[in-house]
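Chain by chain, the residues:
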Amino acid sequence: MRRRQVLIAAGALAAPAVPWAAPVAPGEPVRWPAVTLLDGTPWQATPGQPLVLVFWSLTCPFCQRHNVHVEKLHRAAHSQPGPGVLGVVRERDAAAVRRHMAQRGWTFPVTLDSDALGAALGARRVVPLTVVVDARGRLKQSIPGEMFEEDVMELMERAA
């Protein structure tokens, strides 16, 4: 029994202490970790602005179709008050992601996925995954899978 207690204690000491380790539940405030965009600039959620995050992958054909609508949402949000948009790509090669986005004409801000960001928003088992955060910074909803254009554009009202 003593050996088991020692192993448990050693495991607890080896685990990193991460303040955002518990995923947020709907209605709770999101505790944002440090986020850096592909161009190297730090990103922060804008207080009082709703946010739409889209988790995606370069190799996911559903993500490619979905992100066409996300780009349209991003452009519409700039022409009228709307949610901010942040793409979170599951790749580790920033140069490949930049090329991919340039080839498709996508301009929404993107960051590489990180363990800290995943811990803050919960486990993601499917891409694309669209996460809506309201203007108070609280998780509103997570929507797994590809969405139709009308549904993505409706996020402007849903996020408010």
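This text follows the structure it describes.
Criteria and cut-off values
- Residues numbered from 1 in each chain as written.
- Predicted model: local features only at pLDDT ≥ 70, side-chain atom pairs only at ≥ 80, totals over all residues.
- Heavy atoms only, no water.
- Phe/Tyr/Trp six-rings, centres within 6.5 Å; stacked < 30°, edge-to-face > 60°.
- Helix = DSSP H or I, 4+ residues; strand = E, 2+ residues; numbered from the N terminus.
- Buried < 20%, exposed > 50% of the residue type's maximum accessible area, 1.4 Å probe, protein only.
- Lys NZ or Arg CZ within 6 Å of the ring centre and 35° of its normal.
- Core = buried A, V, L, I, M, F, W, Y, C linked by side-chain atoms within 4.5 Å.
- Pairing = 2+ DSSP bridges.
- Axes fitted to C-alpha atoms, helices over the stretch in contact; angles between N-to-C directions.
- Contact = heavy atoms within 4.5 Å.

1. Section: the packing of aromatic side chains
- Counting across every chain of the model gives three aromatic pairs.
- Ring geometry for Trp-32 and Trp-43: centres 5.4 Å apart, planes at 80°, overall edge-to-face. Residue Trp-32 is located in the loop between helix H1 (2–14) and strand S1 (35–36), and its partner Trp-43 is located in strand S2 (residues 42–43); the two are separated by eleven residues in the primary sequence.
- We classify Trp-43 as buried; its relative accessible area is 13%.
- What links up through ring pairs into an aromatic cluster is the set Trp-56, Trp-106 and Phe-108.
- Here Arg-104 stacks its cationic end above the ring of Trp-106, 6.0 Å away from the centre of that ring.

2. Remarks on the nonpolar core
- Grouped together as the largest cluster of nonpolar side chains are 27 residues, with contacts concentrated most on Trp-56, Leu-73, Val-97, Met-101, Phe-108 and Val-110.
- Elements represented by at least two residues in this core include exactly strand S3 (51–56), helix H2 (61–79), strand S4 (84–89), helix H3 (94–104) and helix H5 (149–159).
- No other element matches the five residues that H5 contributes to this core.
- Core analysis: the second largest hydrophobic core is formed by 16 residues, Leu-51, Leu-86, Val-131 and Leu-139 among them.

3. Overview of the sheet that holds strand S5 (residues 110–112)
- Here we have five strands laid out as an open sheet, ordered S5-S4-S3-S6-S7, and mixed in their pairing. Edge positions in the sheet fall to S5 and strand S7 (139–144), since each of these pairs with one other strand and no more. The sheet shows a mean angle of 20° between the axes of neighbouring strands, direction not considered.
- Here S3 runs beside strand S6 (residues 129–133); their pairing, made up of five bridges, is antiparallel. Along S6, the bridge assignment pairs Leu-51 with Val-133.
- Strand contacts of H2: S3, S4 and S6, with the helix running at about 160° to S3, the strand carrying the most contacts.
- With respect to the sheet, H3 is in contact with S3, S4 and S5, its orientation differing from that of S5 by roughly 155°.

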